[in-house]
Structure formats: structure tokens, C-alpha cells
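Working through the structure, step by step
Below are the chains, spelled out letter by letter.
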Amino acid sequence: MTRIILVCGFSAVLILPSIVRLIKRGNKKSAVVVAMLALFATAGMLLYFLHVRIPSVLSVISAWMRRIGLYYPN
Amino acid sequence: MRNQSFTPRQLGVALAAFIFAANRFSSYYTETLRQDAWLSVLLGLLFFAPIFLLYVALAREFPGKGLFQINEIVFGKGIGKGITVLYLFFFILINSMNQRYVADFTVNTILPEMALAPLVFSMAIVFAWVLRCGLRATMRIGWFVLLFAAGALVLSYALLAKQMQPANFMPAFRHAPVRYLQSAHTNAIISLGDMLCFLPLLRYMQPGKKVLRPVIIGILSGAALTLLCVCQNILVLGVLEPYRLYPAYDVARLIRISDAFSRMEFLFTIPALLLFTLRVLFLFFAIVEGMGQLFGIEDRRPLLLPTVGLCAALTFLVVSGSGELKAFTMGVAPFFSGFFVLLLPLLTLTVFLVRRNRVQEVIGNNAECREEVSA
């Protein structure tokens, strides 16, 4: 729980001022994009800090490339 | 990123630093060819020449336009945005990999007690701070970083002269021809091909100046510095070199002026960290440029912080460890990156040549619209 609060708090402190400033300027589209990116970043950090076991992107790409035979054998 | 224009000379310097940074924290130059690794730098340059000509052709056909704008002009808005998403995926991936290289190196050598997460987030704060200073400021510090790194390399050559053994280059040219091809392919695509990230930034280059000469000089300077570094590694470490995780760092550790100056590895670490920071920053600029183009946001500054946060988070999710990173770079990356570095730009140029008249009509209409708006 502490980890979730820390990560979400960290992201909110970093991103919220930007979003508020953009909305005040009337730039809602940018605010939505920034919020979306922040959401992805927070989700990524949470996955790492909560030790969720997911295969890394490189391992997925490696497995796929090896399956189609495009690699240099070690 | 308003008022971020830079000169072709600054671009050349940035390219030299970008290329020189590529081999700082990795040993993939020597994995395949070992004592002939110096040849892989030259062969890589030769292999990269047609790819470079492809980039030049694209930049010539669309002066004042970045890669993402070119995609939308050539393919139309829908497919163009799709291709921009592909490039963004590639840039974010190599950005995260590069950040992981720096983080792993720091944790393995300089700060062994430190956890990876605080280090990556500290780096992210530094990146965000420099990114806010803008592209022009980053291009300007290229000179300083490059000269500092080149000076440190020359100094380390002088200090290690006694430990260098030219016999380490022998036996030469003993590998199978396919190994030379593999090495050239790997170097051309990974260390030189990543400079694709400068194509989206070309729209900020000052118009009406000769571009090609400083760019070629920049690429050759970067390759020459890399060659010097690889030769130094072979001359000093010899047969042990391919078995080291950070050969350039191990070489710097052997420098010993007297008992008072026995820890001289800062001659490697400080320039290397600066070079890599610069490399990651240019990748960040390309990513922010792509995000702005994708979502139609003209002012790119609000995108900086979330992009840095996203890439920092992905640093952990993209790579699970140093071993995986090295295996990917050596085995899969030459083919995977080849799709983005060579095939996609080639496709763009081919489609442009086929639809040249239609594309030029679109460019003409856009220019007319802009003139009407400004009038």
C-alpha cells in the first residue's frame, strides 16, 4: 500500500501542475495527452514496484524474432 | 519546442558525440571479431553509407521537414500517424535500453550499494531539467562533451603507452567471412543507425546552409574516435578483452601515474556518462517531437515531463537484466532495428518516388494555405 501511495503521489506531484496549467490555458487536448502519458508512466512504475511478474519487452521481441529465424546465434 | 533552431555544424558535432557514445558501455564491437574488432568499425561505416544516402535523399526531398511530417505528407494522415507510432515505439525502446546501460554500469562499477530505481529516477530528473533548456542548448553543449571525451581518450592513450602491445592485433584476418559481415551489420545498424533519431529534428535546422559537409565530418569523427577507443582496448587488454563487460572501463582502471594517482577511471566514467546523457537526450527530443506530431500539439514543452517519466518506468519493464540486454544487442537487435533504420525510411522514399506528383501537390496546397493564413 505504501508503495502504491508513494508512486501515485510522486506522479501526481510531477504531473498535476502541468495538467492544471494546460487546462487553465484552455489547452484541453494537451492536458488529456499529458494525463494519458502520466497514467502509463505510473502504471509502469507500479508494475515494477509491486514486483508484478511480466516478461520484459526485450524477451518478447527476442522470442518472436528467434521464432521467425532472424537472429545471430551466439 | 519554439526557437530551437540549430546550425549544421552543431548537428555534425552532436552526431560525432552520438556515435562515439554508442560503444562506451558495451563490448559488442569485440564480441564477434575479437582482435579484428577495429575492422568492424570500418566495415560498419562502409555498410552504413547506403543507409546514410537514403537519409540524405529524404532530407533533400523535404527541406525543413522532420521525419514525422514527411511520413504524413507521403503516406497521408492516417497511415503516416501509424508509421509515427512505429518509430515512437522504436525510439522509446532504444531510449530505455540506453538508460538501462547507464544505470547498470553505474550500479555495477561506481555505486555498487545503490538500488536501480532511485538511480533511474535521479537520472530522469536530470534529463527533464536539461530537456526544459531546449534542443538548441543541448546542441551547444555537444562541443564541450565531445572535446572533453576526445581529450580524455588521448590522455589515456598517453598514460597507457607502456602497457600497449601491438602484438595483440595478431593473428589478423583469421575469422570466417560471415563473421565480418555479421560484425559490419551489427555496427552499421546499432551504433550508426540509431542516428535516425536526428531525422525528426531536422525541421529545427537553420535553412539555407550547407549541411552535408559538417554532417559527414561529424559521422567520420565519431567513427574515428570509436576506432581509437576499440584499438586502445585491444592494445591494452589483448585476448582478455572480449570477456570483459566494460572493456573501456577496465582499460581506464589500469592507468596508474604514481601511488598517489592510482584511481584514474574517472578519465573514462565522466566523459562516458556525459556522452551517454547527450545520446539519451537526443532520443528524448525525437520522442517528444513524435508525440507532438502524433497528437497535434504544437507546443512540445508540456510533453517533456510525462515522456521522461514514461521512459524511466519503461527502463525496468523493457529490460530485465544486463545479460538480456547484451544478448539482445548481439543477436536480435541488428535485424529488429534494421526494420526501423533501413526498411521504413526506404519504404517512405519508394512511396514518395512512386507518388511524387501527388505528394508535391499536397506540399504546394499546404504552402498556399500557409501563405493565405499569414496574409
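Residues numbered from 1 in each chain as written. Chains lettered and ligands numbered in written order. Predicted model: local features only at pLDDT ≥ 70, side-chain atom pairs only at ≥ 80, totals over all residues. Heavy atoms only, no water.

**Looking at helix H1 (residues 8-22) of chain B**
Taking 1.5 Å of rise per residue, the 15 residues of H1 of chain B would be expected to cover 21 Å, and the 21 Å separating its terminal C-alpha atoms lies within 8% of that figure. For H1 of chain B, the tally of buried residues reaches 14 of 15 residues, placing the bulk of the element in the interior. (Helix = DSSP H or I, 4+ residues; strand = E, 2+ residues; numbered from the N terminus. Expected span 1.5 Å × (residues − 1). Buried < 20%, exposed > 50% of the residue type's maximum accessible area, 1.4 Å probe, protein only.)

**Considerations on the nonpolar core**
All names here are of chain B. In this structure, Leu11, Phe25, Phe91, Met195, Phe198, Phe282 and Phe336 are the most contacted members of the largest nonpolar core, which totals 150 residues. For this core, the element with the highest residue contribution is helix H11 (residues 266-295), accounting for 17 residues. With residues near it in sequence (within four places) discarded, methionine 195 still touches Leu15, Phe18, Ile19, Phe48 and Ile219. (Core = buried A, V, L, I, M, F, W, Y, C linked by side-chain atoms within 4.5 Å. Contact = heavy atoms within 4.5 Å.)

**Comments concerning the environment of alanine 286 of chain B**
Residues and elements named next belong to chain B. With respect to the element layout, alanine 286 can be found in helix H11. Classification of alanine 286 as buried rests on a relative accessible area of 0%. Not counting residues up to four positions away in its chain, the partners in contact with alanine 286 are Phe68, Phe91, Cys197, Pro200 and Leu201.

**Re the confidence of the model for chain B**
Residue and element names in this part refer to chain B. Mean pLDDT for chain B: 84, with 92% of residues reaching 70 or above. Averaged pLDDT values over the elements of chain B bottom out at 67 in helix H14 (residues 356-374) and peak at 90 in H1. Note on the complex model: pTM 0.90, ipTM 0.84. (pLDDT = per-residue confidence, 0-100.)

**Quick notes on the layout of surface pockets**
Here the largest pocket defines a volume of roughly 570 Å³. In terms of lining, the largest pocket is formed by 24 residues, of which the most central are Ala59, Arg60, Leu202, Met205 and Val211 of chain B. Listing elements by their share of the lining of the largest pocket, those giving two or more residues are H1, helix H3 (37-61) and helix H9 (212-237) of chain B. Considering only residue class, the lining of the largest pocket consists of 17 nonpolar, three polar and four charged. When its volume is computed, the second largest pocket comes out at roughly 410 Å³. For the second largest pocket, the lining is made up of 18 residues, of which Phe40 of chain A together with Ile92, Met291, Leu310 and Leu314 of chain B are closest to its centre. The set of elements that each furnish at least two residues to the lining of the second largest pocket consists of helix H2 (28-49) of chain A together with helix H5 (77-110), H11 and helix H12 (301-318) of chain B. (1 Å grid on protein atoms, 1.4 Å probe; cavity = no way out; pocket = protein on both sides within 12 Å on 5 of 7 lines; lining within 4 Å. Points joined across faces, edges and corners; volume = space filled by probe spheres on them. Nonpolar A, V, L, I, M, F, W, Y, C, P; charged D, E, K, R; others polar.)

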